[in-house]
Amino acid sequence: IKQKKRHMGDTKHFCPVSLKENFVLYPGLQEHAAKYKEKIYYFSTSENRDKFLKNPEEYVAHSEPLQAPPLRVCLLGIHGAGKSTCARQIADKLGIFHIQFEEYLQELILPKTKRKVGPSLDEDNEDDYKIPEELEDFSQTITETEKEKTKQEVELTDEEEAIKANLVYNMELPPEVLDKIVPDWWKKEPFRSTGFILDGFPRTVDEARYLSEQGLYPDVAVYIQVEEDDILVRLLPPCLKKWKDRRRKKREYKKKLKELKAKKRV
């Protein structure tokens, strides 16, 4: 039996309301279909279908074809899988932005913390090598300005505290913090018209659910799977170098402290 050809709408099988309002391609469902000007449109939800039928001219093409959104990619994988290396190469090749999620969070609080925070960074705490107050007068490396800076306490906002807790203790970011970070990559320029590869987000089921509830859908989600031995080969040398650097700093600190104590006795 020869079936009659379906004349699909401007967005084919994608929901025109999702494209117009969120600039994402969301597949429509046949049970949420509607006909307008002899063309069939599919919608992601019945609410979107009703919204279209109230004002269809707002969601269809007029003088020019509808613009499809750029490529949006989520790149996932465990620490050391090579996400950032792959993301940079893909971003350069496709001409889209590379967003390293953890690095982006660091930049948000860096003006106040003055240093990056996290489990691997806390080991190099500068306070461990701070000259005692009774010996500061004999040290030529500490200025009065630096003394004042160390006395000033950094006050973080509730949102910044949540970001810091996420970086240091891996605590989940609340939705109100994500609301001020993530939607901009889908809805604001220059990301909206250029596209991006999001490196390291979502990291949990709740974060993936957040994207779904907000209508922020990536076109592709790639998970990089790597053998444990390969990760060990990648991460062990830099970790060993950090350990050696800390040992060297500790030796230099002890030597300097010993010299200052001897100078004070004289």
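Within an unreviewed UniProt entry, the label attached to the protein reads KAD9 kinase, and the organism entered is Catharus fuscescens.

Broken down by element type, the protein carries 11 helices and six strands. A burial count over the protein gives 32% of its 266 residues as buried. Considering only contacts within the protein whose residues lie at least 6 apart along the sequence, 68% involve residues at least 24 apart. Accessible surface for the protein amounts to roughly 18,300 Å². Of this, 51% is attributable to carbon and sulfur atoms.

Our next topic: the packing of aromatic side chains. Taken as a whole and judged by the stated rule, the model has 10 aromatic pairs. Ring centres 4.9 Å apart and planes at 50° place the aromatic pair Phe 43 and Phe 52 in the tilted group. Its relative accessible area of 0% is what places Phe 43 among the buried residues. Arranged with centres 5.3 Å apart and planes meeting at 75°, the rings of Tyr 104 and Trp 185 form a pair that is edge-to-face. Here Tyr 104 is found in helix α4 (residues 101-113), whereas its partner Trp 185 is found in helix α8 (residues 183-187), with 81 residues between them in sequence. On the basis of relative accessibility, which here comes to 1%, the residue Trp 185 falls in the buried class. In textbook terms, an aromatic cluster arises when at least three aromatic residues are bridged by ring pairs, as seen for Tyr 36, Tyr 41, Phe 43, Phe 52 and Tyr 59. Across from the ring centre of Phe 23, 4.1 Å away, lies the NZ or CZ of Arg 192, which sits over that ring.

Before going further, it helps to spend a moment on the side chain of Glu 160. Counting through the fold element by element, Glu 160 comes out in helix α6 (residues 158-169). Within the structure, Glu 160 has its side chain in polar contact with the side chain of Lys 112 (distance 3.0 Å). If near-sequence neighbours (up to four positions away) are discounted, Glu 160 is found in contact with Leu 108, Ile 109, Lys 112 and Glu 155.

This part is about the nonpolar core. General note: in soluble globular proteins, nonpolar side chains tend to be found buried as a group. Phe 101, Val 182, Trp 185 and Trp 186 are the most contacted members of the largest nonpolar core, which totals 24 residues. Those elements giving two or more residues to this core turn out to be α4, α6, α7 (175-178), α8, β5 (196-199) and α10 (205-213). Considering each element in turn, this core owes the most residues, four residues, to α6. Excluding anything up to four places from it in sequence, Trp 186 contacts Val 24, Arg 72, Arg 192, Phe 196, Leu 211, Leu 216, Tyr 217 and Pro 218. Counting residues in each nonpolar core, the second largest holds 10 residues, with Leu 75, Ala 91, Ile 96 and Ile 224 among its members.

Our focus in this paragraph is α6. Compared with an ideal rise of 1.5 Å per residue, which puts 12 residues at 16 Å, α6 spans 16 Å between its outermost C-alpha atoms and is within 8% of the ideal. What α6 keeps buried is the set Glu 160, Ala 162, Ile 163, Ala 165, Asn 166, Leu 167 and Val 168. On the buried face of α6, the contacting elements are α4 and α7. One or two positions beyond α6, positive phi appears at Asn 170, with a value near 60°.

Procedures and definitions
Residues numbered from 1 in each chain as written. Predicted model: local features only at pLDDT ≥ 70, side-chain atom pairs only at ≥ 80, totals over all residues. Heavy atoms only, no water. Helix = DSSP H or I, 4+ residues; strand = E, 2+ residues; numbered from the N terminus. Buried < 20%, exposed > 50% of the residue type's maximum accessible area, 1.4 Å probe, protein only. Contact = heavy atoms within 4.5 Å. Areas by Shrake-Rupley, 256 points an atom, 1.4 Å probe, with all protein chains shown as cover. Phe/Tyr/Trp six-rings, centres within 6.5 Å; stacked < 30°, edge-to-face > 60°. Lys NZ or Arg CZ within 6 Å of the ring centre and 35° of its normal. Polar contact = N/O pair within 3.5 Å; in protein donor to acceptor, adjacent residues only side chain to side chain. Core = buried A, V, L, I, M, F, W, Y, C linked by side-chain atoms within 4.5 Å. Expected span 1.5 Å × (residues − 1).

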